[in-house]
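Observations on the three-dimensional arrangement
In case you want the letters, here they are:
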Amino acid sequence: MKKEILSWIACFAIAIAAALFIVTFIGQRVEVDGQSMESTLQDKDNLICDKISYRFKDPERFDIVIIYPDETKSKRWIKRIIGLPGEEVRIDEEGNIYINGEILEENYGKETIQDPGLAAQTIRLGEDEYWVMGDNRNHSSDSRVIGPVPRSRILGKAFIRIYPFSKFGLIKHQ
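Residues numbered from 1 in each chain as written. Predicted model: local features only at pLDDT ≥ 70, side-chain atom pairs only at ≥ 80, totals over all residues. Heavy atoms only, no water.

Digging into the pattern of salt bridges
Under the definition given, this model contains 12 salt bridges. Glu60 is paired through a salt bridge with Lys57; the nearest N and O atoms lie 3.8 Å apart. Residue classification places Glu60 among the partly exposed positions, given a relative accessible area of 39%. A salt bridge links Glu88 to Arg124, with the nearest nitrogen and oxygen atoms 4.0 Å apart. Remark: Arg124 occurs in strand 8 (residues 123-124) and Glu88 occurs in strand 5 (residues 88-91); sequence separation between them is 36 residues. A relative accessible area of 55% places Arg124 in the exposed class. Residues joined in a network through salt bridges with shared partners are Arg29, Glu31 and Lys44. (Salt bridge = Lys/Arg side-chain N within 4 Å of Asp/Glu carboxyl O. Buried < 20%, exposed > 50% of the residue type's maximum accessible area, 1.4 Å probe, protein only. Helix = DSSP H or I, 4+ residues; strand = E, 2+ residues; numbered from the N terminus.)

Printed below as a string of structure tokens:
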């Protein structure tokens, strides 16, 4: 009887250790909160965040990422990478996004940007900083409010939508 109890305890401990390892280093469930990524992602969508790929490669333009908006890391936001390290970002009064003086060719924005926020003036990104924005540009708190996001505050890349089941599948980034 003692052997069986010890066996169950060992199995339980291994299962907990494996779950902690996966959540800490490989992937994590994240829920979309709000409408800032519509129409790509909807409020209450459940995603799996890939936390491992950015250990081997840098985030790319248009990747959908999970970030911590501040140093406390108490909140998580889901946004799209628009500007990469070392680039200059600016948004003009017509809502055009400029990267290094060239208009960014993209079609993720749901509507014309009304408020360029911090990007009304040219922002030069540091060597480990990214400019992120929600796809629903006029209903998104993003880099226009919080400024550039250091790589250390990027949790990972949105990988797969697991809920609602009717939309189950890989997340398209580009």
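Brief notes about a nonpolar patch on the surface
A cluster of nonpolar side chains, namely Met1, Ile5, Leu6 and Ile9, defines an oily patch on the protein surface of about 470 Å² accessible area. Mapping Leu6 onto the fold places it in helix 1 (residues 2-26). (Patch = residues over 30% accessible without salt bridge, like charges linked within 9 Å, V, L, I, M, F, W, Y side chains within 5 Å. Areas by Shrake-Rupley, 256 points an atom, 1.4 Å probe, with all protein chains shown as cover.)

Quick word on the pairing of strand 5
Only one face of strand 5 is buried: it carries Val89 and Ile91, and the other face, with Glu88 and Arg90, is open. The sheet contact formed by strand 5 and strand 8 spans two bridges and is antiparallel. Within strand 8, the residue paired with Val89 across the bridge is Ile123. Both strand 5 and strand 6 (residues 97-99) contribute to a ladder of three bridges, which runs antiparallel. Paired with Val89 across the two strands is Ile99, which belongs to strand 6. Adjacent in sequence and paired antiparallel, strand 5 and strand 6 are bridged by five residues, among which Gly95 carries a positive phi angle near 90°. (Pairing = 2+ DSSP bridges.)

A closer look at the sheet that holds strand 6
Picture the strands of a sheet paired through backbone hydrogen bonds; they go either parallel or antiparallel. Spatially, 7-6-5-8 is the arrangement adopted by the four strands of the open sheet, whose pairing is antiparallel. Only two strands of the sheet have a single neighbouring strand rather than two, namely strand 7 (102-103) and strand 8.

Points about the pairing of strand 2 (residues 46-50)
Most of strand 2 is tucked away, with four of its five residues classed as buried. Relative to strand 2, strand 1 (residues 27-31) runs antiparallel, the two sharing five bridges. Looking across to strand 2, one finds that Gln28 is bridged to Cys49.

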